[in-house]
Amino acid sequence: MARNPVAQTALGPMVLAAVEQNEPPERRLVDDDLADLFLPAPLRLLVATTRLTPLRRLLVRASEWSGRGLWANLACRKRFIADKLAESLGDIDAVVILGAGLDTLPYRLTRQVRRPVFEVDLPVNVARKAKTVRRVLGQFPLSVRLVAVDFERDDLLTSLAEYGYLPDYRVLFICEGVTQYLTENAVRRTLEGLRPAAPGSRIVFTYVRKDFIDGTNRYGTRTLYRSVRQRRQLWHFGLAPEEVADFLAEYGWRLIEQAGPDELVQRYIAPTGRKLKASQIEWSAYAEKVEEV
């Protein structure tokens, strides 16, 4: 397992996706039949225990020890991203996943369509992902490329070009659970680096509220705040929902939609009948690249 504390955060969302597969289809929040296979052996054993409903409920409750509503947040953001990918597939030429971690999306996507998919992450995560994919699938699909990038230092499009990215690609950029781990300078550097993206490209991303990052509102998640802001200092960047449109516009993106936790709960969780509440700290947004003049 990676020693880098940021790299280690790639495991949590995959555990959630794997555990959700043990829910009945009508109650399941995430569909990902590869999630369990992509986990290290000890976590696969943990997930196996959740085939028993009482243990599954216990794990969900335990996961919220650091912050009530985080299970719902993770599940809802995955569903939001999946919806935006499905909506955009007919209009894009490639997919770029920023901070891909152990996400199985590229390998599930190859079952549906042939689009180049670029998985971008820290070198330690890229190395782990390569090893995992070979263990699970035997070889890489030709359409998937792993790209090692340090968002604080590297030029994103230059790194992508080395792996076959073309400047006229209309791209869906996916950035799930990443922006809070970056400094504001790195977020702005990344968006500036994406300025040459072809008009019609899309970006779907999640962000943590700025007032949580600066500590003015901890939204009932004091344990989480102490962990990610005070003790380990993992989270650095946040936005206020009302400033997202202007922030994106600085870099040539037009905000199409953003959704807060209450809306996403109604959209994705309420139909399952499950009584999960989402934390207010995280929002999801979707934007389109416009032609700059």
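Preceding this section is the structure that the text describes.
Figured I'd write up the structure that's included with this text. Note that the structure is predicted; figures quoted are calculated from it, not measured.

So, on to the overall build of the protein. In terms of helices and strands, the protein carries 13 helices and seven strands. A globule of 293 residues ought to have a C-alpha radius of gyration of about 19 Å, and the protein, at 18 Å, matches this closely. Its C-alpha atoms give the protein principal-axis dimensions of about 55 × 50 × 40 Å. Each of the 293 residues in the protein was classed as buried or not, and the buried ones make up 54%. The contacts of the protein with a sequence gap of at least 6 include a subset with a gap of at least 24, amounting to 75%. In the structure as shown, the protein presents an accessible area of about 13,500 Å², 52% of it carried by carbon and sulfur atoms.

Once that is clear, we can look at empty space enclosed by the protein. Considering all chains together, one arrives at three cavities of 30 Å³ or more under this definition. Considered as a void within the structure, the largest cavity measures approximately 170 Å³ in volume. Lining the largest cavity are 17 residues, and of these Cys-175, Thr-179, Val-187, Leu-191 and Ile-203 lie nearest its centre. A class-by-class count of the residues in the lining of the largest cavity yields 15 nonpolar, two polar and no charged. The computed volume of the second largest cavity comes to approximately 60 Å³. Around the second largest cavity sit Ala-72, Asn-73, Cys-76, Arg-77, Pro-261, Leu-264, Ala-278, Glu-282, Trp-283 and Ser-284, which together line it. Breaking the lining of the second largest cavity down by element, the ones donating at least two residues are helix H5 (70-88), helix H13 (261-269) and strand S7 (282-289). Looking at which element gives the most residues to the lining of the second largest cavity, the answer is H5, with four residues. Split by residue class, the lining of the second largest cavity holds six nonpolar, two polar and two charged.

Turning to helix H11 (residues 222-231), its buried residues are Leu-224, Tyr-225, Ser-227 and Val-228. The buried side chains of H11 occupy one side of the element, clustering within an arc of 165° when seen end-on. Exposed side chains of H11 directed beyond 90 degrees from the buried face belong to Arg-222 and Arg-231. Buried-residue contacts for H11 involve H5 and helix H10 (210-213). Looking one or two places after H11, you find Gln-233, whose phi comes out positive at around 50°.

Rules used in this analysis
- Numbers given to residues run from 1 along each chain, matching the order in which its sequence is written.
- It should be noted that, the model being predicted, local features are given only for residues of pLDDT at least 70 and side-chain atom pairs only at 80 or more, the latter also being counted only at that level, while totals for whole chains, interfaces and linings use all residues.
- With hydrogens and water excluded, all non-hydrogen atoms of the structure serve as input to the side-chain values.
- A run of DSSP states H or I qualifies as a helix once it reaches four residues; a run of E qualifies as a strand once it reaches two. Both are numbered from the N-terminal end.
- The size measure is the radius of gyration over C-alpha atoms, and the globule rule it meets is 2.2 Å times the number of residues to the 0.38 power.
- Only protein chains enter the accessibility calculation, which uses a 1.4 Å probe. A residue is then buried if its area is under 20% of the maximum for its type, exposed if over 50%, and partly exposed in between.
- Between two residues, a contact is recorded if the distance between any of their heavy atoms is within 4.5 Å.
- Note on areas: these come from Shrake-Rupley sampling with a 1.4 Å probe, and a residue is covered only by the protein chains present in the view.
- The method works on a 1 Å grid over the protein atoms by themselves. A cavity is a set of points holding a 1.4 Å probe that cannot get out, a pocket is an open set with protein on both sides within 12 Å along at least five of seven lines, and residues with an atom within 4 Å of a point line them.
- Grid points are joined across faces, edges and corners, and a volume is the space filled by probe spheres set on the points.
- In the scheme used here, Gly and all other residues not listed as nonpolar or charged are polar, with Ala, Val, Leu, Ile, Met, Phe, Trp, Tyr, Cys and Pro taken as nonpolar and Asp, Glu, Lys and Arg as charged.
- Within this analysis, the arc is defined by the directions that extend from the helix axis to the C-beta atoms.

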